[in-house]
Amino acid sequence: MAAASPTRNWLQAASRTGTVSQGENLPWPLAPGSSRLALPAMSDLAIAVAIAGVFGTLIGSFLNVVTWRMPRNQSVVTPPSRCPVCGTGLSWWENLPVIGWLALRGHCRHCDTAIHPRYLLMELAVGALTAGVVLLCLDPVAVPGVLGHGPWQGAPWLMKSGWPGWLVPALSASALLTLVWYLLVASIIDLEHTIIPDELSKGMQLIAPVLAVCTYNCAIGTFPIDWLVRINEIGHATPTPGVFSLWLVGIVGGAALLLWLSEACLRLVYERYMAPNEPWTPDDTRGVVVGVRWFQTVIALWTVLTLIVAWSLPGVAGVILAMQLALAVFGMLAGWWSLYLVGLIGTVAFRRNAMGFGDVKLLAPLGAFLGPFGVLYALAFASVLGSVIGIVLLALRRTVQIPFGPYLALGAIAAMALAPAVHARLLAPLLN
Ligand SMILES: [Zn+2]
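Keep in mind it's a predicted model, so treat the numbers as computed, not measured.

Participant: Before we move on, can you summarise the overall build of the protein chain with the specific residues and values?
Facilitator: Helix and strand counts for the protein chain stand at twelve helices and two strands. Ordered by position from the N terminus, the helices and strands of the protein chain form the series α-α-α-α-α-α-α-β-β-α-α-α-α-α. Split into buried and exposed, the 432 residues of the protein chain put 40% on the buried side. Counting contacts in the protein chain only where the partners sit at least 6 residues apart, residues at least 24 apart contribute 73% of the total.

Set out below in structure tokens:
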């Protein structure tokens, strides 16, 4: 492996000297596979994963309702599930995931209308995904190889917080499951309706940083630790919230200013370069501006909260939490700006609308989980995947239009699994 990162050196020093850690002497929490949590016994692990799988099928059943109703602007809570053809309400056992569909043999009890097998597949798939995420979070070394290092390892600040150890995998599993379920719903709705509902993407922008800091969101790339602490010649580290605040406010302020300027840029590009058969109206501009304003508000909110953490929480836990929050904010900005710029440049180059603004709003919150480097890997993986599948479809002479949202979702998952290893082996040595 590459040389130890500055982060690692500092924290090793901190836990040796106890200056910042205030007497804690815990093993280094950021190294792969060195969680201080005692792994559950095999049988306990199997039981937990099995319960997660069953719980996942229930969630899958609910996500079926969400993917059907949300793009049709119907409430996802009421009325209870009913047959879309004859309107008969489902009894309690027919609502049971997997079992209900199998007992009915895929047909309505009253009118015999076929119930699509996708509902069964969704329940099974979400059950399997949920079990898999819980296994990864409870036992991060269960999957060997590149997957040994990633966001499922648990939040470093939580490990240093002195809170009960079981909270670490419980919170990382909850956060990652929320993300996986969200990506699945957004992808299915995008595939069927070529739209990602604003409730989904704007809601995720708002909560992404709090979910992200429940996970190991610093797996990809490094963070300049001299923003956060000053280390003297004998290894004593003192937090420097003033330096950290200047960097944070400077970067976020610059990005916010650019966002504001980008509105004018957008008007210029879209009203001038769009193809005649794709008219761009002032209403379209207004829609984008509303999205930009929401994103700016979310970024401002999380910047203020990060500053409060940096100034008010003492000790190693507070310093690492501030770092994780800053990575989440920078990741969201990187996710937003990368795709936004690609869209603007593409529109000028190809003289047609090259930006799905829904995709920008989807990628931004993924940056909170992946960090500013990881989200670029996600975009790269998504583009490669999109090109490969596009070429295959072209070769098969299929003319289906696949929206970019599902590719971004897969790209983000791929980045979580592969980017830490790719970055450490390929790019980090070049940057050092
Ligand atoms: Zn029916």
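Past the structure itself, the notes keep going.
Participant: Any details on the confidence of the model for the protein chain? Residues and values, ideally.
Facilitator: Mean pLDDT over the protein chain stands at 84; residues scoring 70 or higher make up 89%. pLDDT under 50 marks residues 1-36. Its contacts with residues more than four places away, or in other chains, come to 72 contacts.

Participant: Before we move on, can you summarise helix α6 (residues 167-193) with the specific residues and values?
Facilitator: Since one α-helical turn is 3.6 residues long, residues separated by three or four positions face the same way. Compared with the 39 Å implied by 1.5 Å per residue over 27 residues, the 38 Å span of α6 between its first and last C-alpha is a close match. A large share of α6 lies buried, amounting to 19 of its 27 residues. A positive backbone phi angle near 45° is found at T194, which sits one or two residues after α6.

Participant: Break down the nonpolar core for me, with residues and values.
Facilitator: Judged by nonpolar contacts, the single largest core of 107 residues is most densely connected at A322, A328, V329 and A378. A total of 20 residues in this core trace back to one element, the largest contributor, which is helix α10 (residues 315-350). When residues are assigned to domains, this core turns out to be shared by domain 1 (39-139) and domain 2 (150-165 + 194-432), each giving three or more. Aside from chain neighbours lying at most four places away, what touches V329 is P209, V252, I299, W302, T303 and T306.

Participant: Before we move on, can you summarise the environment of V98 with the specific residues and values?
Facilitator: Turning to its location among the elements, V98 is positioned in the loop between α2 (42-69) and α3 (99-103). For V98, a count of 17 C-beta atoms within 10 Å corresponds to the partly exposed category. The sequence separation of V98 and Y119 amounts to 21 residues, and the corresponding C-alpha distance is 8.5 Å. Dropping the residues within four chain positions of it, V98 is found in contact with T57, L120, E123 and L124.

Each value, and the rule that gives it
- Residues numbered from 1 in each chain as written.
- Predicted model: local features only at pLDDT ≥ 70, side-chain atom pairs only at ≥ 80, totals over all residues.
- Helix = DSSP H or I, 4+ residues; strand = E, 2+ residues; numbered from the N terminus.
- Buried ≥ 20, exposed ≤ 12 C-beta atoms within 10 Å, placed from the backbone.
- Contact = placed C-beta atoms within 7 Å.
- pLDDT = per-residue confidence, 0-100.
- Expected span 1.5 Å × (residues − 1).
- Core = buried A, V, L, I, M, F, W, Y, C linked by C-beta atoms within 7 Å.
- Domains from an automatic or database assignment.

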